[in-house]
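The primary structure of each chain is shown beneath.
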Amino acid sequence: MKMENLPVNSLSLDFLTEFLISLEKLENDRGCRGVILTSGAPKIFSAGLDIMEMYGKSAEHYAEFWKAVQEMWLRLYQSNMVTIAAINAISSFLCQGSSPAGGCLMAMSCDYRIMAENPKYSIGLNETQLGIVAPFWFKDTMVNTIGNRATERSLELGLLYSPPEAHKIGLVDQPCPSDITKSMMRKPTVDRLLAHRESDIQNFVSFITKDSIQKSLQMYMEMLKQRRG
Ligand code: CO8
């Protein structure tokens with residue numbers, strides 16, 4: 001499931017409503033055993049709860065919004081599917097990025113978290129930085145993920161962790177190279193083949209059509225046949 005509430009995948013009421021409908025569809029699909037939760041936003045997994053939904057609105061609106069946040073957690077945390085949060089970037093398919101507060105809750109509600117190793121990315125429950133106390137079910141989800149002491153420290157200081165730090169404390173299960181690292185390592189070779197694709201085909205054809213090569217292949221096939229008896 002690719003989240004695309006641009007620019008930062010903030011968890012607005014509309015987004016949460018759509019998210020819940022999509023999750024329910026997958027839950028009801030007998031052929032679907034798991035879901036990879038990721039982002040279509042260029043740099044962000046999710047910016048957490050949409051601050052605009054918590055500012056200058058009516059009490060009724062706040063209640064409706066909070067109920068949707070609860071529902072998101074209840075459904076995801078108790079999902080009958082295998083759930084994976086992919087907080088990373090592989091070509092244009094997976095997402096990059098940061099995952100503060102509500103985004104971190106969403107990721108922690110999954111069974112497994114993979115995060116791209118980019119020094120610009122961060123994850124954590126940073127409510128304290130906004131002057132907000134994390135609700136007990138945010139806190140408990142973190143305790144169940146990284147333990148009591150690490151949660152205490154994390155919440156009291158409103159910490160956002162880099163991918164290696166998050167991996168060290170168990171907030172992230174598996175770090176992986178970000179698209180930047182992957183691209184840096186592989187792109188030159190890919191580009192070289194793409195630029196010389198036709199000549200590479202010609203090379204192969206002229207090599208494989210050589211009598212000596214054809215003879216070797218024939219002998220090899222016969223040897224394999226003999227080995228099989
Ligand atoms: N909600 C709404 N809008 C947001 C949010 C958000 N959480 N985050 C960013 N935006 C908006 C920005 O205002 C900006 O809007 P505009 O273009 O109109 O100016 C746009 O998204 C892009 O933002 P940036 O320019 O900042 O984009 P960057 O790529 O530089 O940074 C970040 C992206 C890292 C996500 C950054 O925007 C950021 O740190 N945002 C704040 C994230 C945050 O602190 N989220 C926590 C929200 S609170 C929460 O989830 C739990 C609350 C629990 C409440 C419990 C009460 C009891």
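Residues numbered from 1 in each chain as written. Predicted model: local features only at pLDDT ≥ 70, side-chain atom pairs only at ≥ 80, totals over all residues. Heavy atoms only, no water.

Let's talk about the overall build of the protein
Okay, step 1: A count of helical and extended segments in the protein gives nine helices and seven strands.
Okay, step 2: Its C-alpha atoms give the protein a radius of gyration of 24 Å, clearly above 17 Å, the size a compact globule of 229 residues would have.
Okay, step 3: With respect to the three principal axes, the spread of C-alpha positions in the protein is 85 × 40 × 35 Å.
Okay, step 4: Out of the 229 residues belonging to the protein, those deemed buried represent 38%.
Okay, step 5: Sequence-distant contacts in the protein: of pairs separated by 6 or more residues, those separated by 24 or more amount to 77%.
Okay, step 6: For the protein, the accessible area works out to roughly 13,900 Å², and carbon and sulfur atoms hold 57% of it. (Helix = DSSP H or I, 4+ residues; strand = E, 2+ residues; numbered from the N terminus. Rg over C-alpha atoms; globule rule 2.2 N^0.38 Å. Buried < 20%, exposed > 50% of the residue type's maximum accessible area, 1.4 Å probe, protein only. Contact = heavy atoms within 4.5 Å. Areas by Shrake-Rupley, 256 points an atom, 1.4 Å probe, with all protein chains shown as cover.)

Regarding helix H2 (residues 59-77)
Residues that lie three or four places apart on an α-helix share one face, since the helix turns once every 3.6 residues.
Okay, step 1: Over its 19 residues, H2 extends 27 Å from the first C-alpha to the last, a length consistent with the 27 Å expected when each residue adds 1.5 Å.
Okay, step 2: On its buried face, H2 sits against helix H1 (13-28), strand S2 (34-39), strand S3 (82-87), helix H3 (102-108) and helix H4 (136-146). (Expected span 1.5 Å × (residues − 1).)

So, the site of the ligand
Okay, step 1: Inspection of the region around the ligand gives 20 residues, with Ala47, Leu49, Ile51, Ala101 and Gly102 positioned closest.
Okay, step 2: Here Ile51 contributes a backbone N or O atom positioned 2.9 Å from a nitrogen atom of the ligand.
Okay, step 3: Within the contact set of the ligand, an oxygen atom lies 3.4 Å away from a side-chain nitrogen or oxygen of Asn126.
Okay, step 4: Out of a free accessible area of 1,100 Å², the ligand has 57% covered by protein chains.
Okay, step 5: The class makeup of the residues in the shell around the ligand is 13 nonpolar, four polar and three charged. (Near = heavy atom within 4 Å. Polar contact = N/O pair within 3.5 Å; in protein donor to acceptor, adjacent residues only side chain to side chain. Nonpolar A, V, L, I, M, F, W, Y, C, P; charged D, E, K, R; others polar.)

Some thoughts on the packing of H4 against helix H5 (residues 148-157)
To characterise two packed helices, one gives the angle between the axes of the helices and the distance between these axes.
Okay, step 1: Put simply, H4 and H5 touch, their axes get as near as 7 Å, and they point 135 degrees apart. Compared by their axis directions, H4 and H5 come out oblique. At the point where H4 passes H5, the crossing takes the right-handed sense. The segment H4 lies against H5, with Lys139, Met142, Val143 and Ile146 engaging Asn148, Ala150, Thr151, Ser154 and Leu155.
Okay, step 2: Split into classes, the residues belonging to the contact of H4 with H5 amount to five nonpolar, three polar and one charged. (Axes fitted to C-alpha atoms, helices over the stretch in contact; angles between N-to-C directions. Parallel < 35°, antiparallel > 145°, perpendicular 65-115°, else oblique. Left-handed = near helix turned anticlockwise from the far one by under 90°.)

Observations concerning the confidence of the model for the protein
Okay, step 1: Confidence along the protein averages 89 in pLDDT terms, with 94% of residues attaining 70 or more.
Okay, step 2: Within the protein, no element has a lower average pLDDT than strand S4 (residues 99-100), which sits at 73, and none a higher one than H1, at 97.
Okay, step 3: Segment residues 89-96: pLDDT under 50, and 35 contacts once partners within four positions in sequence are set aside and those in other chains are kept. (pLDDT = per-residue confidence, 0-100.)

Topic: the pattern of salt bridges
Okay, step 1: Counted by the stated rule, this structure contains six salt bridges.
Okay, step 2: Between Glu71 and Arg75 there is a salt bridge, with its nearest N and O atoms 3.5 Å apart. Pair noted here: Glu71 and Arg75 are both in helix H2, with a separation of four residues, about one helical turn.
Okay, step 3: The residue Lys139 makes a salt bridge to Asp140 at a minimum N-O spacing of 2.9 Å.
Okay, step 4: Here the residues in one salt-bridge network are Glu24, Glu71 and Arg75, joined through shared partners. (Salt bridge = Lys/Arg side-chain N within 4 Å of Asp/Glu carboxyl O.)

Overview of the packing of aromatic side chains
Okay, step 1: Summed over all chains, the structure comprises six aromatic pairs.
Okay, step 2: With a centroid separation of 5.6 Å and 55 degrees between ring planes, the pair formed by Trp66 and Trp137 is classed as tilted. Of this pair, Trp66 sits in helix H2 while Trp137 is found in helix H4, placing the two residues 71 residues apart along the sequence.
Okay, step 3: With relative accessibility at 9%, the residue Trp137 sits in the buried group.
Okay, step 4: Both rings, one in Trp73 and one in Trp137, keep their centres 5.4 Å apart while their planes meet at 50 degrees; by these two values the pair is tilted. Of the two residues, Trp73 sits in helix H2 while Trp137 sits in helix H4, which places them 64 residues apart along the sequence.
Okay, step 5: Ring pairing ties together the aromatic residues Trp66, Trp73, Tyr77, Trp137 and Phe138, which thus form one cluster. (Phe/Tyr/Trp six-rings, centres within 6.5 Å; stacked < 30°, edge-to-face > 60°.)

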